[in-house]
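An overview of the molecular structure
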Amino acid sequence: MTTAAIKKTGNTWRVVDIVVAALIAITGGVIFWAWSQGAGIVSAPMNAVYPPLTGLIAGGWMIPAVLGMLIIRKPGAAIFCETVAATGELIMGSQYGATVLISGLLQGLGAELVFFLLVYGNFRFKSFLHQKYNLIAALLAGAGAGLFCGLNDSFLPWGWNIAYEPGDKLAYIVFCTISGAVIAGALSWIATRGLARTGVLSSFASRKAASEPVFN
Amino acid sequence: MTASDAGASGVRPAAVSARGWGWRHAGRSAPAVQGLDLDIAPGERVLLLGPSGAGKSTLLHALAGVLGDEGDDADETGSLLIDGVVPRGQRGRSGLMQQDPETQVVLSRLGDDVAFGAENLAVPRDEIWRRVHEALDDVGLRSAGPGPGGLPLDHPTSALSGGQKQRLALAGILAMRPGLILLDEPTANLDPAGVLEVRDAVGRCLDKTGATLVVVEHRVSVWKDLVDRIVVLQPGSAAGSTGGSAASSAVLLDGPPDQVLAEARDMLIGAGVWVPGYVPATRRRVSAGSGDLLLAAEDLAVSRERPRRRGFRTIPPVPVQHGIAAQVRSGHALTVTGPNGAGKSTFALTLAGLLAPVAGKVSAAVELSEGAGIDPFKWKANQLISRIGTVFQEPEHQFVTGRVLDELMFGPRHLGHGEERVDELLERLRLTHLVDANPYTLSGGEKRRLSVATVLAAHPRVLVLDEPTFGQDANTWAELASFLSELLDAGTSVVSVTHDQEFSAVLGGAELRLGPASRGGARQEAGAA
Amino acid sequence: MRDALTLRSNHALLTRANPLAKFAVVFLITLVLALSIDWVSASVALGAELVIFPLAGLTLRLLWQRGWPLIIAAALGGWSTAIVAADGGAVLLDVGIWSISEGSLQLGIGFMLRGLAIALPAILLMTCTDPTDLADALAQKARLPHRFVLGTLAAMRLVGLMAEEWQTIGMARRARGVGSQGSPLQRLRATLGQSFGLLVQAIRRASRLAITMEARGFGTGLRTWARESTYSPLDAWVLAGGVLIAAAAVVAAAGMGTWNFVWR
Ligand SMILES: Nc1ncnc2c1ncn2[C@@H]1O[C@H](COP(=O)(O)OP(=O)(O)OP(=O)(O)O)[C@@H](O)[C@H]1O
Ligand SMILES: Nc1ncnc2c1ncn2[C@@H]1O[C@H](COP(=O)(O)OP(=O)(O)OP(=O)(O)O)[C@@H](O)[C@H]1O
Ligand SMILES: [Mg+2]
Ligand SMILES: [Mg+2]
């Protein structure tokens, strides 16, 4: 009897990767939209006290980037998911208008860069780190997305905080980064493990996420 | 549309050959199929039979080239070839219709969805539209003309009934002009008229294109005259464990329908095949039941939609059925029948206290409510499960854990009693070998049995079952029917929504026939038995 | 939510324009407005957008339904800018960390109007653009990889179905004894559980849908398109209109001397 190995797909995207990534992303977009509506309420008191504090809830927008990458584990997953999620929000009607697409792209890029450096990119230093799609990578990716979100909002013309004073901008960026790490990074990591436990991820590289070590 | 001439159909029938082919799914110890040797000549029409879990769907997926996305620990043995080449990578050579019609729809407009396959095969645009019209004609979803099934090309696919979706899926496959048509229980869940329509649609297309057909279905009678060969599979583990030379093949029987049905009738019956004219023996009811009223519906109007609020007004939804009257009595069965889309499931959910009535009321008698109040919709969830147990039409909706055993233990643990019944249920519904499996990876029939078992485990007084017998082979069917008749004797009441006349005959009791949607006024007729 | 993802009954003029042309215009207006924070350019653009709304089939009621959160958000953005931006001119309010001056107030108002003028075109765009047409245009005209575009489109359809699925899953869980009654905390827990259940179900559906798509030959190579995405003279008008609005906004602001470049 011959035993044929199942085709390994490596880094190319299969149809199932695309459809599931898009699904996660659009669901994220709908959640975004709800988050944006809710953010209006939550951010009112924050705005009233000290506007840069709103950076602390920014992480909610970056979940698709980290979650998508943790589940799909293919290059480009973070950018793809975050951009599609932004498109989803745009379709639902966004207060940020078309600029939401640019924000999405940049936030996705932030997370993607972290994953590239730590996980799938080909660098010598990685052999010391033993980096996998673990909690640290998730936190750092969330932080990366948050950092890019903060930079986008503070320095690009369509940024909401473009008119802040430099000190406030810095505070905002720091808050965004923390929020990205905690809300997007940690929550996505937990969600991936939860999903893996139900068996739905059986056709993805993340199917064993629930039993993977937390660190290294 | 003008029918294209035979040459223009341009279909090259495919040949299938399997040599010692086997497949073990990821996470399973036993293979689903083992040692399959099978040759299908171009243009042959094969009916594939076998007990639930025998690996029929697995084989069809392999032929369609879509098996193997589930990870590295799945295992393939032997070879399976279409026209001498592995199926994967030959996409478009075969067209697969899966067991679940809902996931057959890809795009949101009718015409686009039919065109999708042809587009992927890089068919020129004019040709695509010609094929789309033709395919829609063939399956009776005529796009042009004012016929009753006439739907515009931009009709939203989400607004189709179950039967229409199944036809749409067939049209999408036909538009690809595949050499091999693979149909996995294409008529499950269809009403009797719909079954014949879909079958005839398949027949017409085959006559026109001459493509090879492999169809999986439990009921032989529907397909007997259309196919020219019957192949019966046996479960992969059975093929492996016996070890003997004859039994080690996955194919139990193979031959022309009439010959197989005449010569090997007993063997077919033993394998759980639904042979025409044979109804498996089931347990007889011994007591007629006390007949105490447990649950009653009066002048009930039902809909899935909820009232909408516009300003300060609430607008009630348009009901799919109204004026329904029904009584559910201890030890008596009630069968709900009617065409697809009539609102049977909606009624069942309302009766079971899961949906709020649009008008009229559902009231529980004191014997059932035992202090929980008269309106089942207002009961708490754990009050509900010990009183009314509901099995949904789509089994997957009800799974809440990741393991078959946990799934069965779930209800009893919540209630704090009944865990001891679980083993018996596993045994009788043939799920024992699957206790550790993930519910979502089960075969179609296994999922159905599990969802029935989970509800039985909570031992409710009233059972509401939506299509409890679809996808079952004759043996498990008989086991299920006998089990329910025991429960009826013990005073449980069984309400079942079903197209399965033999099943309602076994349970006896009254029938509630719902007309096409929005006619209303359905009353239950006593004594179908 | 399902209504938000399809437009069945909208036959307005702009629904016939190519989605890419509409997209280009929306981006142009957005970028031009983003370059300056001033109330004149924003008001001009806002006025023009309101005039165009009927062409996209957007009624006042629809606008209100979709638009009110934007107005609140824009006001909040204005407020936060007013208190955080660098001060200039007479100080109007100064309490602890909060300080609003004439300069920052003007900036705040400009910011609020600009926010609205940027948000509305996107709403307009989406009211008159069918996702299927958008996907066609993105794959055929913008030449984005078709596997990704169509995969996303198919997934989008599934998300539209999730609203119904939510109700069904709620019932199915209740039938299994998982209720959604009790204290707020229990309810929150039940809602979270149900959301998770919905996500699981949706991923499973998506995986199976991917199999259906593959079985229909998707993702193998070249493909043709049953419906061609085309440009028409209408698109030229759409572009011209967009350029006109952007130019009018800049000229008016420059003329009134309010143009206020963001990176001064
Ligand atoms: N994705 C999967 N992962 C693990 N096991 C699976 C998977 N799909 C099917 N199986 C198992 O493989 C066996 C054969 O399943 P298959 O679906 O092919 O049966 P079937 O003959 O179509 O049955 P039915 O008539 O009930 O649909 C079953 O025991 C099933 O539990
Ligand atoms: N989730 C839903 N939301 C809104 N409407 C629905 C939903 N499910 C079904 N419907 C509509 O309600 C009507 C009744 O559907 P129902 O499922 O009760 O029919 P049925 O008699 O059970 O049909 P079948 O035999 O196909 O199962 C149909 O017209 C259907 O289109
Ligand atoms: Mg099957
Ligand atoms: Mg039904």
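Rules and cut-offs
- Residues numbered from 1 in each chain as written.
- Chains lettered and ligands numbered in written order.
- Predicted model: local features only at pLDDT ≥ 70, side-chain atom pairs only at ≥ 80, totals over all residues.
- Heavy atoms only, no water.
- Helix = DSSP H or I, 4+ residues; strand = E, 2+ residues; numbered from the N terminus.
- Rg over C-alpha atoms; globule rule 2.2 N^0.38 Å.
- Buried < 20%, exposed > 50% of the residue type's maximum accessible area, 1.4 Å probe, protein only.
- Contact = heavy atoms within 4.5 Å.
- Areas by Shrake-Rupley, 256 points an atom, 1.4 Å probe, with all protein chains shown as cover.
- Lys, Arg positive; Asp, Glu negative; His and termini not counted.
- Charge placed at Lys NZ, Arg CZ, Asp CG, Glu CD.
- Pairing = 2+ DSSP bridges.
- Axes fitted to C-alpha atoms, helices over the stretch in contact; angles between N-to-C directions.
- Buried area = accessible area lost by both parts, 1.4 Å probe.
- Salt bridge = Lys/Arg side-chain N within 4 Å of Asp/Glu carboxyl O.
- Donors = N, O, S within 2.8 Å, 3.2 Å for Na, K, Ca; no water.
- Near = heavy atom within 4 Å.
- Polar contact = N/O pair within 3.5 Å; in protein donor to acceptor, adjacent residues only side chain to side chain.
- Nonpolar A, V, L, I, M, F, W, Y, C, P; charged D, E, K, R; others polar.
- UniProt positions renumbered as here; feature names shortened; annotations may be inferred.
- Expected span 1.5 Å × (residues − 1).
- Bend = angle between axes of the 7 residues up to and from the residue.
- Patch = residues over 30% accessible without salt bridge, like charges linked within 9 Å, V, L, I, M, F, W, Y side chains within 5 Å.

**Considerations on the overall build of chain B**
- Scanning chain B from terminus to terminus reveals 18 helices and 20 strands.
- For 529 residues, the compact-globule formula gives about 24 Å, and the C-alpha radius of gyration of chain B, at 24 Å, lands near that figure.
- With respect to the principal axes defined by its C-alpha atoms, chain B has extents near 70 × 60 × 45 Å.
- The buried share of chain B, reckoned over its 529 residues, is 59%.
- Contacts spanning at least 24 positions in sequence make up 71% of the contacts within chain B whose residues lie at least 6 apart.
- With an accessible surface of roughly 19500 Å², chain B has 51% of that area assigned to carbon and sulfur atoms.
- If the 51 positive side-chain charges of chain B are averaged to one point and the 63 negative ones to another, these points end up 6 Å apart.

**Digging into the environment of B:Glu486**
Residue and element names in this part refer to chain B.
- You can see Glu486 is positioned in helix α17 (residues 474-489).
- According to the relative accessible area criterion, Glu486 is partly exposed, its value standing at 29%.
- As a C-alpha pair, Glu486 and Ile173 span 313 residues in sequence and 44 Å in three-dimensional space.
- Those residues in contact with Glu486 that sit more than four places away from it in its chain are Arg283 and Arg428.

**Thoughts on the sheet that holds strand β5 (residues 94-97) of chain B**
All names here are of chain B.
- Strand order in the open sheet made by the six strands is β5-β6-β7-β3-β8-β9, with mixed pairing throughout. Since the sheet does not close on itself, it has two edges, and those belong to β5 and β9 (251-255), each with one partner. Sheet twist, expressed as the average angle between the axes of neighbouring strands with direction ignored, equals 15 degrees.
- Of the strand pairs in this sheet, β5 and strand β6 (residues 180-184) are connected by four bridges, and their pairing is parallel. The residue of β6 that forms the bridge with Leu96 is Leu182.
- Here helix α5 (residues 162-174) sits on the sheet in contact with β5 and β6, set at roughly 170 degrees to β5.

**Concerning the interface of chain B and chain C**
- Each partner contributes to the interface: chain B provides 65 residues, whereas chain C provides 47 residues.
- When chain B packs against chain C, close to 5200 Å² is buried across both sides, 50% of that on carbon and sulfur atoms.
- For chain B, the biggest contributors to the area lost against chain C are B:Arg91, B:Arg125 and B:His397; these three give 12% of the whole.
- Joining chain B to chain C, the criterion identifies seven salt bridges.
- Across the pair C:Arg223 and B:Glu119 runs a salt bridge, and its minimum N-O distance is 2.9 Å.
- Where the side of chain B that touches chain C is concerned, the elements lending two or more residues are β5, α3 (110-120), α4 (125-138), α5, α13 (381-387), α14 (404-415) and α16 (444-457) of chain B.

**Quick look at the pairing of strand β16 (residues 388-391) of chain B**
All names here are of chain B.
- Side-chain alternation along β16 places Ile388 and Thr390 on one buried face and Gly389 and Val391 on a second face that is also buried.
- Where β16 meets strand β17 (residues 462-466), four bridges bridge the pair, whose relative direction is parallel. From the neighbouring strand, Val391 faces β17, where its bridge partner is Leu465.

**Thoughts on the coordination of the magnesium ion (ligand 4)**
Residue and element names in this part refer to chain B.
- Taken together, Ser345 (OG) and Gln393 (OE1) make up the full set of protein donors to the magnesium ion (ligand 4), lying 1.9 to 2.1 Å away. One end of the pair, Ser345, is in helix α11 (residues 344-351); the other, Gln393, is in the loop between β16 and α14, and 48 residues separate them in sequence.
- Exposure remark for Ser345: the relative accessible area of 12% places this residue in the buried category.

**Re the sheet that holds strand β10 (residues 293-302) of chain B**
Residues and elements named next belong to chain B.
- Read across the sheet, three strands follow the order β13-β10-β15 without closing on themselves; strand pairing throughout is antiparallel. Whereas interior strands pair on both sides, the edge strands pair on one side only; in this sheet they are β13 (321-329) and β15 (359-364). Ignoring strand direction, the axes of neighbouring strands in this sheet form an average angle of 10 degrees.
- Both β10 and β13 contribute to a ladder of six bridges, which runs antiparallel. Paired with Ala296 across the two strands is Gln327, which belongs to β13.
- Those strands touched by α11 are β10, β13 and β15, and its axis lies near 130 degrees from that of β10.

**Some remarks on the site of ligand 2**
All names here are of chain B.
- In the vicinity of ligand 2 lie 13 residues, with Gly341, Lys344, Ser345, Thr346 and Gln393 positioned nearest.
- With respect to ligand 2, the side chain of Arg304 contributes an N or O atom lying 2.9 Å from an oxygen atom.
- In this structure, an oxygen atom belonging to ligand 2 sits 2.8 Å away from a main-chain N or O atom of Gly341.
- Considered on its own, ligand 2 offers 630 Å² of accessible surface; in the complex 74% of this is hidden by protein.
- With three residues, α11 is the largest single contributor of residues to the shell around ligand 2.
- Class assignment of the residues belonging to the shell around ligand 2 gives a composition of three nonpolar, seven polar and three charged.

**A look at the UniProt feature "transmembrane region" (unreviewed entry) in chain A**
- In this numbering, the UniProt entry assigns the feature "transmembrane region" (unreviewed entry) to residues 12-35, 55-72, 79-98, 104-123, 135-158 and 170-191 of chain A.
- Structurally, residues 170-191 of chain A comprises 100% helix and 0% strand, and the distance from its first C-alpha atom to its last is 30 Å.

**Here we look at helix α7 (residues 166-198) of chain A**
All names here are of chain A.
- Counted at 1.5 Å a residue, the expected span for α7 with its 33 residues is 48 Å, and the 47 Å between its end C-alpha atoms agrees.
- Along its length, α7 reaches its greatest deviation from straightness, about 25 degrees, at Gly180.
- Phi for Gly199, located one or two positions after α7, is positive at around 90 degrees.

**A look at a positive patch on the surface**
- Taken together, B:Arg308, B:Arg310, B:Arg313 and C:Arg61 make up a surface patch of like positive charges.
- For B:Arg313, the location among the structural elements is in strand β12 (residues 313-315).

**Examining the pairing of strand β8 (residues 229-233) of chain B**
All names here are of chain B.
- Where burial is concerned, most of β8 is hidden: five out of the five residues are buried.
- Residues of β8 alternate between two faces, with Arg229, Val231 and Leu233 on one and Ile230 and Val232 on the opposite face, all of them buried.
- Judged from the four bridges that link them, strand β3 (residues 45-49) and β8 form a sheet pairing that is parallel. By the bridge assignment for β8, Val46 is matched with Arg229.

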